[in-house]
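Chain by chain, the residues run as shown.
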Amino acid sequence: AGAARLDVLVVTHAQADHEGNTASVLRHVPVGLLLDGGEGATPERRGILAAAQAEHVPRAVPDAGQVLHAGPLELRILWPRHEDPALHAGVDPNDRAIVAILRDGAFDLYLSADAESNVTAALDLPQVDAMKVAHHGSDDPGLPDLLARLRPQIAAIEVGAHNTYGHPVPATLAALRAVPQVFRTDRDGTVRVKVTGATMTVARGP
């Protein structure tokens, strides 16, 4: 993607498809801050912490209400609430995933990793311009209500081609008919949203 450095590297939660290769990124790309939503004591987790320490990358734990700034960008954390990690034993990591609003001027982007409506229904959500669909387009009965609250103009599904889970599921695609523009990485490749003033343009490709 041509990024020479990262102001903030976000690990949304402790699953391999969201924190895998974080240690490698930390070793090879200058990072200003690691916002680390991962938990546990797996070898991968230990590798991430060791790499952050070795590269002198500051680490922050997400907590609802946090606001991070990087140049003109504002990242507002809506979930999770930071508590004693011992209380998280047995909790689905998806339910502890970072939910955030990224703001750039008048542009708002909703990011929810794998946190679905059982988590997000209780959050105070604004209307947004664009969103990443949660959990690769898996079945989420609360998605229609969520979309009615967010009212995005653009939705993107991050999903692998020919995945064995059947994502995105038909019910999710049906709900997303309420969104003017829907993109999926399995068909469209990398999805980039460029914002210039009040205008959004989408580029698709490798």
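Residues numbered from 1 in each chain as written. Predicted model: local features only at pLDDT ≥ 70, side-chain atom pairs only at ≥ 80, totals over all residues. Heavy atoms only, no water.

(A) Representation of the overall build of the protein chain. Of regular secondary structure, the protein chain possesses 7 helices and 12 strands. Taking 17 Å as the expected radius of gyration for a compact globule of 206 residues, we find that the protein chain reaches 17 Å, a close match to that expectation. Projecting the C-alpha coordinates of the protein chain onto the three principal axes gives extents of approximately 45 × 40 × 35 Å. Within the protein chain, the fraction of its 206 residues that count as buried is 42%. Considering only contacts in the protein chain between residues 6 or more positions apart, those separated by 24 or more positions represent 52%. Each charge sign in the protein chain was given a centre, from 18 positive and 25 negative side chains, and these centres are 5 Å apart. (Helix = DSSP H or I, 4+ residues; strand = E, 2+ residues; numbered from the N terminus. Rg over C-alpha atoms; globule rule 2.2 N^0.38 Å. Buried < 20%, exposed > 50% of the residue type's maximum accessible area, 1.4 Å probe, protein only. Contact = heavy atoms within 4.5 Å. Lys, Arg positive; Asp, Glu negative; His and termini not counted. Charge placed at Lys NZ, Arg CZ, Asp CG, Glu CD.)

(B) Fine view of the layout of surface pockets. Each pocket or cavity is described by its volume, and for the largest pocket that value is around 1800 Å³. Of the residues forming the lining of the largest pocket, the biggest block, 6 residues, is contributed by strand 1 (residues 6–11). Of the residues belonging to the lining of the largest pocket, the class tally is 27 nonpolar, 9 polar and 8 charged. (1 Å grid on protein atoms, 1.4 Å probe; cavity = no way out; pocket = protein on both sides within 12 Å on 5 of 7 lines; lining within 4 Å. Points joined across faces, edges and corners; volume = space filled by probe spheres on them. Nonpolar A, V, L, I, M, F, W, Y, C, P; charged D, E, K, R; others polar.)

(C) Expanded view of the environment of Pro168. Along the polypeptide, Pro168 turns up in the loop between strand 9 (154–157) and helix 6 (170–175). The sequence separation of Pro168 and Asp140 amounts to 28 residues, and the corresponding C-alpha distance is 11 Å. Sequence-distant contacts of Pro168, that is, excluding residues within four places in its chain, are made with His136, Gly137, Ile157, Val159, Leu173, Arg184 and Asp186.

(D) Layout of the sheet that holds strand 2 (residues 31–36). The strand order across the open sheet formed by 3 strands is 1-2-3, and the pairing between neighbours is parallel. Single-partner strands in this sheet number two, and they are strand 1 and strand 3 (59–60). The pairing of strand 1 with strand 2 spans 5 bridges and is parallel. The partner of Val11 across the bridge, within strand 2, is Asp36. (Pairing = 2+ DSSP bridges.)

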